[in-house]
Structure formats: C-alpha cells, structure tokens
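Now for the letters of each chain:
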Amino acid sequence: MKILLTALGDNLSALIDERFGRAEYFAIYDTDINKLEVVKNPFLNDQGGVGVSTAKFTVEKGIDAVISGSYGPNALEVLRASSIKLYKTENGTIQENIDKLLNGTLDEF
Amino acid sequence: MKIAVTSGKGGTGKTTIATMLAYACDNPQYIDCDAEEPNGHLFLKPKIERVEPFNVLIPKINEDICIFCGKCADACVYKALVVMGEPLKKTMFFDELCHSCGACVYVCPVGGALVEVPDEIGKIKIGKTQHIDFVMGELNIGEASATQLIASLKKNYMNESKTVILDSPPGTSCTVVETIEGADYVLLVTEPTPFGLSDLKLSVELVRNMDLKFGIVVNKYEEGNTLIDEYAKEEEIEIIFRLPFSKEFAQSYSKGELPFEKFMSNFRDLLKRIEERV
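Residues numbered from 1 in each chain as written. Chains lettered and ligands numbered in written order. Predicted model: local features only at pLDDT ≥ 70, side-chain atom pairs only at ≥ 80, totals over all residues. Heavy atoms only, no water.

### Things to note about the environment of V177(B)
Along the chain, the position of V177(B) falls in helix α6 (residues 174–180). In contact with V177(B), not counting residues within four places along its chain, are T172(B), L206(B) and M210(B). (Helix = DSSP H or I, 4+ residues; strand = E, 2+ residues; numbered from the N terminus. Contact = heavy atoms within 4.5 Å.)

### Let's talk about the interface of chain B and chain A
Across the boundary between the two partners, chain B contributes twelve residues, which contact 13 residues of chain A. With both chains or domains summed, chain B and chain A bury close to 1,000 Å², and 65% of this area falls on carbon and sulfur atoms. Among the salt bridges present, the one from K79(B) reaches D46(A), with a minimum N-O distance of 2.6 Å. Where chain B meets chain A, there are four residue pairs in polar contact (both at pLDDT 80 or more). Secondary structure elements with two or more residues in the side of chain B that touches chain A: α3 (71–75), β4 (81–84) and β5 (90–93) of chain B. Residue classes in the side of chain B that touches chain A are distributed as eight nonpolar, no polar and four charged. (Buried area = accessible area lost by both parts, 1.4 Å probe. Salt bridge = Lys/Arg side-chain N within 4 Å of Asp/Glu carboxyl O. Polar contact = N/O pair within 3.5 Å; in protein donor to acceptor, adjacent residues only side chain to side chain. Nonpolar A, V, L, I, M, F, W, Y, C, P; charged D, E, K, R; others polar.)

### Digging into the sheet that holds strand β2 (residues 28–32) of chain B
All names here are of chain B. Pairing within the open sheet is mixed, and its nine strands lie in the order β3-β6-β7-β2-β8-β1-β9-β10-β11. Both edges of this open sheet fall to β3 (47–61) and β11 (239–244), since each of them pairs with a single strand only. Neighbour-to-neighbour, the strand axes of this sheet turn through a mean angle of 20°, independent of strand direction. As paired elements, strand β1 (residues 2–7) and strand β8 (residues 163–170) share five bridges and run parallel to each other. Note that in β8 the partner of V5 across the bridge is D167. Together, β9 (185–190), β10 (214–221) and β11 form the strand contacts of helix α8 (residues 227–235), whose direction differs from that of β10 by roughly 170°. (Pairing = 2+ DSSP bridges. Axes fitted to C-alpha atoms, helices over the stretch in contact; angles between N-to-C directions.)

### Focus: the pattern of salt bridges
All names here are of chain B. In this structure the tally under the stated criterion is 18 salt bridges over all chains. The salt bridge partner of E86 is K89, with a shortest N-O separation of 3.9 Å. Accessibility expressed as a relative area gives 65% for E86, which makes it exposed. On the accessibility criterion, K89 (42% relative accessible area) is partly exposed. Salt-bridge contacts for K162 lead to D133; the nearest nitrogen and oxygen are separated by 3.3 Å. In this pair, K162 sits in the loop between α5 (147–157) and β8 while D133 sits in strand β7 (residues 132–139), placing the two residues 29 residues apart along the sequence. Given the relative accessible area of 15%, K162 is considered buried. D133 sits in the buried class, given a relative accessible area of 18%. (Buried < 20%, exposed > 50% of the residue type's maximum accessible area, 1.4 Å probe, protein only.)

### Some thoughts on the side chain of S7(B)
Residues and elements named next belong to chain B. Relative to the elements of secondary structure, S7 occurs in strand β1. Take S7: its relative accessible area is 0%, and that puts it in the buried class. Polar side-chain contacts of S7 include one of 3.3 Å to the side chain of T12. If near-sequence neighbours (up to four positions away) are discounted, S7 is found in contact with T12, K14, P169, P170, G171, V189 and S203.

### Quick look at empty space enclosed by the protein
Residue and element names in this part refer to chain B. Taken as a whole and judged by the stated rule, the model has two cavities of 30 Å³ or more. Each pocket or cavity is described by its volume, and for the largest cavity that value is around 120 Å³. Lining of the largest cavity is provided by 16 residues; of these, C76, C98, C101, G102 and C104 occupy positions nearest its centre. Along the lines of polarity and charge, the residues of the lining of the largest cavity split into twelve nonpolar, three polar and one charged. Volume-wise, the second largest cavity comes out at about 100 Å³. Contributing to the lining of the second largest cavity are 14 residues, with C66, C69, C72, C108 and A113 lying nearest its centre. Here the lining of the second largest cavity is built from residues that sort into twelve nonpolar, two polar and no charged. (1 Å grid on protein atoms, 1.4 Å probe; cavity = no way out; pocket = protein on both sides within 12 Å on 5 of 7 lines; lining within 4 Å. Points joined across faces, edges and corners; volume = space filled by probe spheres on them.)

### Quick notes on the packing of aromatic side chains
Counted by the stated rule, this structure contains nine aromatic pairs over all chains. Both rings, one in F20(A) and one in Y71(A), keep their centres 5.4 Å apart while their planes meet at 40°; by these two values the pair is tilted. Of this pair, F20(A) sits in the loop between β1 (2–7) and β2 (25–30) while Y71(A) is found in the loop between β4 (65–68) and α2 (73–81), placing the two residues 51 residues apart along the sequence. Residue F20(A) is classed as buried on the basis of its relative accessible area of 1%. Judged by centre distance (5.6 Å) and plane angle (20°), the ring pair of Y30(B) and F134(B) falls under stacked. (Phe/Tyr/Trp six-rings, centres within 6.5 Å; stacked < 30°, edge-to-face > 60°.)

### Brief notes about α2(A)
Residues of α2(A) that are buried: N74(A), A75(A), L76(A), V78(A), L79(A) and A81(A). On the buried face of α2(A), the contacting elements are α1 (50–60) and β5 (85–88) of chain A together with β4 and β5 of chain B.

### Details of the layout of surface pockets
Residues and elements named next belong to chain B. Considered as a void within the structure, the largest pocket measures approximately 740 Å³ in volume. If you trace the largest pocket, you find 28 residues lining it, with E96, L97, C98, H99 and S145 closest to the centre. Going through the elements one at a time, β3, β6 (114–129), α5 and α6 are the ones with two or more residues in the lining of the largest pocket. Tallied by class, residues from the lining of the largest pocket come to ten nonpolar, eleven polar and seven charged. Space inside the second largest pocket adds up to approximately 390 Å³. G11, T12, G13, T16 and Y253 are the residues nearest the centre of the second largest pocket, which is lined by 20 residues in total. Secondary structure elements with two or more residues in the lining of the second largest pocket: α1 (14–24), β10, β11 and α9 (247–254). Partitioning the lining of the second largest pocket into residue classes produces seven nonpolar, nine polar and four charged.

Set out below in structure tokens:
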C-alpha cells in the first residue's frame, strides 16, 4: 500500500502539514517495501488550481491512501472520483500517522 | 477620451468620483466595470432599456466517446481539467478555473468528445439617465471571475465618441487590469488613512507597469492630514483632485444620493485638468 501524507518536512519525524493542496511536502510511504520518498510540493506557488493539480498528482502516483488535515473542494472532488481512501489527522509526525493508519486508529475523512 | 477610476482599497470612493465626474461631462458614457458588486446605478438611477445575457464558452465532455488520453488536461494552463485513465476512465471539469481559451477543444483528437458550449455568467444592462449613457456589468451570483465580462463591456458596448468613464473594481488583479487597459487617464482614488496609502502604493505600481497616465484623487480629504501628500511628493505623482470629508456628504451617500449639482463645477475643473494631461 502506498500512503501519501502532507508534511512540513522531508523525513519521518516531520510534522503533518494540515493543508492538502498547499502542503510543503508530500511524504509517500510504501508499506510493501518500507520505503519513504519525499517530494517538495511542485504546485505550492501556483496561482490557482493547486487542489486539482495536487489531487491529480496523487492519482498519478498510484496512491492508495492519503493522510492530511483538510482537503479543498476541488481536490476532494478529484480524490473522491478515484478509489483513494482519505484520512483526517489533527497533528503528529509522519511516522506516528503511518502507525495510526496501520493500527486502524485514524478516522476516514 | 477614456477615463478609468480605480483604487487599491475598496470603499475609497471610486463610484462617488466616477458618477460625479460622469455627471459633469457634456457627452458621457458611464460604464460600471465593477461587475462583482456594481453600485453606480444606485446613485445614477438609470432607466434600464436593455438587459443582455453574457455568455462564455466552456468545454462539455462526452465521456461515451472520450478516450481519456489527457491531451486536454495537458493543454489547460489553468488546470481546469483532470483526466483519469484506466481503470477510472473519468474526465472532470472545474468551471471556476476555466478561462474559456478553447485550447482543450483545439487539441482533442476525438471529434465530439469535447465541444464548446455557452455558459451564462452574467448580464449587461444598458440604459440612460439624464444626459448620461449608462452601461453596467453584473456577474451572476457564484461566478468566479468578471474579467471576460469586462472585456466584452469594453469591446462591444463602449462608445468611444463619448467621454467614457470606466468605474473599475478595486484591487490590482485581472479585472482591474482589464478595466484600465487602454485608458487615456487613470484616477487612483484613495483616502488619507494608512490602509488607503498602503493600497494606493500597489495601484501606483500597477499603472506604472502598464505605462498609463495617472493622478491621485484624495477622497474624504481632511485639512492638515498630509499622509497622501507626503507620499505623492516623494513619488512625484500629482494629486489631481481632493474631495473634502463632510458628514453631510456621507449622510446623503447613505441614502443613495450624491450632491451632483453642488459639486458640478469642481468636477468640471477636474475634467478640464484631465483633458490637459491626455
């Protein structure tokens, strides 16, 4: 399973970024191979369509689950149209939230 | 002659200045380009003779024949389209991001999969009040951008044989650029407050960038308040007009009335000064 988390930094101890579209980083964790890939949000400074771009990026990356604080309306429409599962978190680090998801203690958005 | 009336900050008195200036002209056409919240009609009280719908073109997707190649989404610089290929097979459109450029339809390789259809985003109202030709744009509730509506007001409804007064939206975004572009003179309306000054600076940057002739109008001017004067002196910008603050004026404004006759000669002088500078 590939999990995408919105993050404020580029490692497992970085905190969750509450915003989906305008998150600083995307932390993509592959639970099959226990590998973390972090990319800087390439759309962060775009003027518009950030939610759409970010959601499209998520779909194209073959993500199975997303963990973020809040999702904008356009991003949500795209993500809901895909089969990606969405989770909501309030705080914590990337590692903590991956663990919570795997333990089944994160709420679906 | 085309005179645009704009401001960085909202509520500084664009409409007051624009309508009073229009009233003082001999052969004016007043165009309310502040289509998100037009209010010139509240003071000019025109008799509306015609109401025309304003349509933009947006793409319509036929998912039955779409091959989900994604060329339309790649062509869209505004990110208004999202295509998801196998196994989802979905093409999604976000109208509030669309700028009606038509690129998506142009690049679509499948005839009929993506076609342009009209979408009404607002109305244009045309009328008259005394000697003033009146035009206003009105964006429908919930629509995101008035830029194309303003472009149409200027292209299809502006009468250049008249003295055209363009009442602009506030700020420095696309709608303002569209309104003031091509104006012979721009009045930057401000008020002598820190907010007024801060946003005036943004407006000055914009009109300088667009290489337009402009001057400052200080509305709600108070004797002894030199905030705007100091800035104007430093930047070597002319303060072309001052409209003093008065409670009486504010009271009549709140009732939808402006002292057009009382200030007629002041605005005639302003018009003369603008003519000298164009």
